[in-house]
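A structural walkthrough
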Amino acid sequence: GGFQRIFTAIKLLLIVFFCLLAFVLVKTPTSINFLPQAGDGALMTSGAFAIALIYVNYAYTGWNAATYLSSELEHPQQSLPKVLGYGTLVVMVLYVALNFTFLRVAPVDALSGQLEIGYIAAQYVFGDIGAALMGIVLALLLVSTVSAMILSGPRVLHVIGEDYPVFNLLGKTNKNGVPAMAIYCQSILALIFVVTASFEQILIFASFTLGLNTLLAVLGLFILRWQSPDLARPYKTFGYPVTPLLYIGLMGWTLIFTAINKPVEALFSVVVIVTGLFIYALTTRKNPHLLSK
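The present account deals with the structure reproduced in this document.

Now for the side chain of S207. Note that S207 resides in helix α9 (residues 199-227). In this structure, S207 is in contact with I54, N57 and Y58, ignoring residues within four places of it in sequence.

Ranked by internal contacts, the top residues of the largest apolar core, which has 14 residues, are F18, F102, V105, L111, A121, A122 and M134. When contributions to this core are tallied by element, the ones reaching two or more residues are α1 (2-25), α4 (76-105) and α6 (117-152). Residue contributions to this core peak at 6 residues, all from α6. Excluding its chain neighbours within four sequence positions, the residues that come into contact with A122 are F18, G127, A131 and M134. The next biggest cluster of nonpolar side chains, apart from the first, holds 8 residues, and it includes I54, L215, M251 and I273.

What follows deals with the environment of A121. Residue placement: A121 occurs in helix α6. In this structure A121 comes out as buried when scored by relative accessible area, which is 0%. In sequence terms A121 and A106 are 15 residues apart; their C-alpha atoms lie 5.4 Å from each other. The contacts of A121, once residues within four sequence positions are left out, are F18, F102, V105 and A106.

On to the side chain of T258. Along the chain, T258 turns up in helix α10 (residues 242-261). A polar side-chain atom of T258 sits 2.7 Å from the main-chain carbonyl oxygen of T254. The residues contacting T258, other than those within four sequence positions of it, are A50, I51, I54, I204, F208 and P263.

Let's shift gears to a nonpolar patch on the surface. Taken together, the side chains of F23, V24, L25, F34 and F100 present a nonpolar region at the surface, about 450 Å² in accessible area. Summarising the element assignment, F34 is placed in the loop between α1 and α2 (40-44).

Considering the arrangement of structural elements, one finds P234 in the loop between α9 and α10. Measuring from C-alpha to C-alpha, the distance between P234 and Q78 comes to 8.7 Å, with 156 residues separating the pair along the chain.

Turning our eyes to something else, we now look at unusual backbone geometry. Put simply, Y240 and P241 share a cis peptide bond, and its omega is 5°. Position of P241 among the secondary structure elements: in the loop between α9 and α10.

Our focus in this paragraph is the packing of aromatic side chains. Summed over all chains, the structure comprises 8 aromatic pairs. Grouped by ring-pair contacts, the aromatic residues F18, F102 and F126 constitute a single cluster. Over the ring of Y240 we find R225; its NZ or CZ atom is 3.9 Å from the centre of that ring.

Over its 17 residues, helix α8 (residues 180-196) extends 25 Å from the first C-alpha to the last, a length consistent with the 24 Å expected when each residue adds 1.5 Å. All of the buried residues in α8 are A180, A182 and I183. Seen end-on, α8 carries its buried residues on one side only, within an arc spanning 160°. Every exposed residue of α8 that faces more than 90 degrees away from the buried side is listed here: Y184, I188, V195 and T196.

So, on to the packing of helix α3 (residues 47-59) against α10. It is at 8 Å that the axes of α3 and α10 come closest, and there the two elements cross at 110°. Here α10 runs roughly perpendicular to α3, going by the angle between their axes. Listed contacts from α10 to G47, F49, A50, I51, L53, I54 and N57 of α3 are Y247, L250, M251, W253, T254, L255, F257, T258 and N261. Class assignment for the residues of the contact of α3 with α10 results in 11 nonpolar, 5 polar and no charged.

Rules of the game
- Residues numbered from 1 in each chain as written.
- Predicted model: local features only at pLDDT ≥ 70, side-chain atom pairs only at ≥ 80, totals over all residues.
- Heavy atoms only, no water.
- Helix = DSSP H or I, 4+ residues; strand = E, 2+ residues; numbered from the N terminus.
- Contact = heavy atoms within 4.5 Å.
- Core = buried A, V, L, I, M, F, W, Y, C linked by side-chain atoms within 4.5 Å.
- Buried < 20%, exposed > 50% of the residue type's maximum accessible area, 1.4 Å probe, protein only.
- Polar contact = N/O pair within 3.5 Å; in protein donor to acceptor, adjacent residues only side chain to side chain.
- Patch = residues over 30% accessible without salt bridge, like charges linked within 9 Å, V, L, I, M, F, W, Y side chains within 5 Å.
- Areas by Shrake-Rupley, 256 points an atom, 1.4 Å probe, with all protein chains shown as cover.
- Salt bridge = Lys/Arg side-chain N within 4 Å of Asp/Glu carboxyl O.
- Phe/Tyr/Trp six-rings, centres within 6.5 Å; stacked < 30°, edge-to-face > 60°.
- Lys NZ or Arg CZ within 6 Å of the ring centre and 35° of its normal.
- Expected span 1.5 Å × (residues − 1).
- Arc of directions from axis to C-beta.
- Axes fitted to C-alpha atoms, helices over the stretch in contact; angles between N-to-C directions.
- Parallel < 35°, antiparallel > 145°, perpendicular 65-115°, else oblique.
- Nonpolar A, V, L, I, M, F, W, Y, C, P; charged D, E, K, R; others polar.

Structure follows, in C-alpha cells:
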C-alpha cells in the first residue's frame, strides 16, 4: 500500500542521491574506460561472462512482479504493458547508473569478488563512518524489498491453490482476504533455503531457475503462434520474431555455461522444475478441464 510506495520512493531517491554525491565528493575517480576495447569480444563470448550475466539477470527479475497482481487491475490488458515497460526502464537506468558509479569511485581490484559492493564504494566516497551509516540505511531499506515479495510472491501460490484442487490449501485466505497459507508456505521455503545453502548457492539456484522458466515462457510465444495462429492477441510482442530469438539465444548460452561451471545448483534447479511438471501432469490428468485455464 502507501507504506510500500513510500519506502520504494525513498530507495529511488537514495540511489540518485548516492550517485550524484559520489560524482561530487570522490577525490580521485578510477581510471577506467567504459567504451569497447580490443579483446572485449573474446571476453564477452567467454564462459566467465556468461556466468556473470546470470547475476545481472537476477538483478532485473523484479520487473515481472506486477503480473502477480494483474487480477486486481481494472484494465490489465491496457495498463499492465505500460507498468512493465516503465518499471523496467526505470530499473535499467538506475541499475546502470549505480554500477557506473561503483566502478568510477572504487578500484576494480577492491570490488572484485566482494559482496558488499555498495559499502566498499561508499568507503571511497564518505569514509569509514559514512560508509557504515550508508550500510545501515541500505539494510533497513531492504526490508521494504523483502516485504514487497512477501506480499506479491505468494499471489502465485494463491492462484495455484484456487485453480488446482490438490493445492486448495494454498488458495485459502483469512478474514481480511490475505492469502495467509500461501505466505506461510513461501516463508517456510525461504527459511529452508537460508539454513541449508550459502548466499551464492541460493543466488545461482534462483537465477538459473528464473532464467530457465523465462526462456521456456518466451519459447512458448513461437509455440502459440504455430498451434493457435488465430488466437486473439491484444498485445503484440515488440520486434517479433527477432527480439524473442535474441533473448532465447542469449539466455540459453548463459544457462549452458552456468550449468557447466555450477552443476550442483543447475541440477537442483532442473529437478525442482521437472518435479513441478510431474505434479502438474498428474493434476491435469485427474482434472482435464484445468488444461483450458
